[in-house]
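Listed here are the chains, written in short residue letters.
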Amino acid sequence: MSRILTVKTTAFGDQKPGTSGLRKRVGVFQSQANYAENFIQSILAAAVEPAEQQCAVLVVGGDGRYYNKHVIQLIIQMAAANGIGCLVIGQNGILSTPAVSCIIRKIKAIGGIILTASHNPGGPDGDFGIKYNISSGGPAPEPVTEKIFQLSKTIEEYAICPDLKVDLTTIGKQQFDLENKFKPFTVEIVDSVEAYTNMLRNIFDFSALKEILSGPNQLKIRLDAMHGVMGPYVKKILCEELGAPANSAVNCAPLEDFGGHHPDPNLTYAADLVQAMETGDYDFGAAFDGDGDRNMILGKHGFFVNPSDSVAVIAANIFTIPYFQRTGVRGFARSMPTSGALDRVAKATKIALYETPTGWKFFGNLMDANKLSLCGEESFGTGSDHIREKDGLWAVLAWLSIIAKRKQSVEVIMQEHWQKYGRNFFTRYDYEEVDAAAAGKIMKDLETLMLDRAFIGHKFTVCEEEYVVDKADNFEYCDPVDGSISRNQGLRIIFTDGSRLIFRLSGTGSAGATIRIYIDSYYKDASKICKDPQAMLAPLIKIALKISQIHERTGRTSPTVIT
């Protein structure tokens, strides 16, 4: 019989969930008494009505980073004490973010708690995060995260069963009797990969994928799990199920510090994969982030597929995937900073296109209203309405399905796409861990400059290229489903030729602020579409740096990351 304690606590003022939950340095959680407990209690109070507690089921899992196992035990102890009926937890605490969404939807859970800081570094000196997903399987919308935040600011006590310990290694159900509770508390440990694999079997043609990965004309692939959560999924699905050689998958053991690396699948942090692909030994390469929702696609000799182009190519070839042959296509969507490549496909196919703020919850709202089938963000996130999260392995299997059908290389598929639709040259400059106050001042001053009436019509001449400002604003989104308004979603400068400069403060960091600059310009001229993006965008990059004065004001000489 486990005892239930009520523990007095003091509220913290900094537990406002960002784009994807609460992310802080590990030290913030470890050094401040009750920091994690307060936030968990606030989630449980916001998520479950008292009358629903006994029959409520919550899914719990994480990306395997440092501090995950400790906090999973806290969640178990506190869920029991708060009257939650059942927790479903991935074996060893491991569940990718897409798998959590999948399981929530499959078992009709009230929601799930995901322990991840996504693509941020791990280890004792790295980052930790707690994220709540709702019953649709998607990230909690703003009214829910705001409720959690308000509760966290006024919390005075939390409930916990301190003696309750759960074996996370053994698959099966465990039941615990609690004092003053009529029903036992149940914890079910499940295979981390099984439900997600079954879902993918019903989306893709596994026999066609097996043919190209293990048949006589085998496609040579290299998949880098970056020591994040995706290792077990890649090994099980790509190697065991689809027959790719075991050495096709690398860095597949989830490590608490991601092997000392930054688990962000881009050209900077996935440099090992880039180098391996540049040798020409592999036809197809992909990398995943810490929690498995992001992906990077590479072709032979390191040919890079920009994420904005990736979702556009999947859209243009969407019926190579059996799932869409059955369901049809309801609509496409991209986040506002993502290039307009998807728009070209939507226009050609006469399929509705939605432009949303950054954040998967906006896509989820459209999906739940049957308005959206495929979507993507330039931040290496791609997905569909099969779940309510971006899904890195789904994107890889989508690309492999296109290759299996077209029997062409990644590079040829991409080049033929540009020949047909034209090309949106796109790049993103990230300035990470900028002083938060300084970053805010840069954005405020830039907005003041942009919203001056004289700015519209202003002419910039750089390298003999001329750009005239057609529109300047702070992006605002009216959700077509519920009519809610999301303001201050990014500063946009749109030129008369359709080129765009976008400036945003990112909500995914744990320290300081990240300023992101996005540059997007469209060309239809066949003689230009295969040129280097940095060269093609050089004039616009100069304009962006000039008007923001970001180097002068931050002391930086270059971005932290260029995508």
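See above for the structure.
Residues numbered from 1 in each chain as written. Predicted model: local features only at pLDDT ≥ 70, side-chain atom pairs only at ≥ 80, totals over all residues. Heavy atoms only, no water.

(A) The overall build of the chain, seen in detail. Each helix and strand in the chain was counted, giving 19 helices and 27 strands. Whereas a compact globule of 563 residues would reach a radius of gyration of roughly 24 Å, the chain reaches 24 Å, a difference of no more than 12%. Seen through its C-alpha atoms, the chain measures out along the principal axes to roughly 80 × 60 × 40 Å. Evaluated residue by residue, the chain yields a buried proportion of 60% over its 563 residues. Taking the intrachain contacts of the chain between residues at least 6 apart in sequence as the baseline, contacts between residues at least 24 apart amount to 71%. Carbon and sulfur atoms form 49% of the exposed surface of the chain, whose accessible area is close to 21,500 Å². Of note, the chain has its 59 positive side-chain charges centred 4 Å away from the centre of its 64 negative side-chain charges. (Helix = DSSP H or I, 4+ residues; strand = E, 2+ residues; numbered from the N terminus. Rg over C-alpha atoms; globule rule 2.2 N^0.38 Å. Buried < 20%, exposed > 50% of the residue type's maximum accessible area, 1.4 Å probe, protein only. Contact = heavy atoms within 4.5 Å. Areas by Shrake-Rupley, 256 points an atom, 1.4 Å probe, with all protein chains shown as cover. Lys, Arg positive; Asp, Glu negative; His and termini not counted. Charge placed at Lys NZ, Arg CZ, Asp CG, Glu CD.)

(B) Quick look at helix 14 (residues 392-406). Between the first and last C-alpha of helix 14 there are 22 Å, a value that for 15 residues agrees with the 21 Å anticipated at 1.5 Å per step. Among the 15 residues of helix 14, 13 are classified as buried, and the element is accordingly described as predominantly covered. The backbone nitrogen of L393 lies 3.5 Å from a side-chain oxygen of the residue at the head of helix 14, namely D391. Two residues or fewer past helix 14, K407 is found with a positive phi of approximately 55°. (Expected span 1.5 Å × (residues − 1). Polar contact = N/O pair within 3.5 Å; in protein donor to acceptor, adjacent residues only side chain to side chain.)

(C) Molecular detail of the environment of T320. Along the chain, the position of T320 falls in the loop between helix 10 (307-316) and helix 11 (322-327). Of the residues examined, T320 reaches a relative accessible area of 17% and is grouped as buried. Sequence separation between T320 and S401 is 81 residues, and the spatial gap between their C-alpha atoms is 6.3 Å. Looking at T320, its side chain comes within polar contact range of the main-chain oxygen of N317, at 2.8 Å.

(D) Structural view of the packing of helix 7 (residues 206-214) against helix 14. Close contact between helix 7 and helix 14 brings their axes to 9 Å; oriented N to C, the two are set at 75°. Here helix 7 is positioned roughly perpendicular relative to helix 14, judged by the angle of their axes. Residue-level contacts link F206, A208, L209, I212 and L213 of helix 7 to L397, L400, S401 and A404 of helix 14. Counted by class, the contact of helix 7 with helix 14 contains eight nonpolar, one polar and no charged residues. (Axes fitted to C-alpha atoms, helices over the stretch in contact; angles between N-to-C directions. Parallel < 35°, antiparallel > 145°, perpendicular 65-115°, else oblique. Nonpolar A, V, L, I, M, F, W, Y, C, P; charged D, E, K, R; others polar.)

(E) Local environment of the nonpolar core. Grouped together as the largest cluster of nonpolar side chains are 80 residues, with contacts concentrated most on L200, L238, F284, W394 and L400. With 11 residues, the top contributor of residues to this core is helix 14. Those residues in contact with L238 that lie beyond four places of it in its chain are L213, I221, L223, Y233, G243, A244, L393, L397 and L400. By size, the runner-up hydrophobic cluster in this structure holds 47 residues, among which are L22, I40, I84 and F128. (Core = buried A, V, L, I, M, F, W, Y, C linked by side-chain atoms within 4.5 Å.)

(F) Geometry of the packing of aromatic side chains. For the structure shown, the criterion picks out 17 aromatic pairs. Centre to centre, the rings of W360 and F363 are 4.7 Å apart; their planes meet at 85°, and the pair counts as edge-to-face. In this pair, W360 and F363 are both assigned in helix 13 (residues 360-368), three residues apart and thus about one turn of the helix distant. In this pair, the class of W360 matches that of F363, namely buried. Taken together, F12, F29, Y35, Y66, Y67 and F128 form an aromatic cluster joined through their ring pairs. One Lys or Arg, R344, reaches over the ring of Y522 and ends 3.5 Å from the middle of that ring. (Phe/Tyr/Trp six-rings, centres within 6.5 Å; stacked < 30°, edge-to-face > 60°. Lys NZ or Arg CZ within 6 Å of the ring centre and 35° of its normal.)

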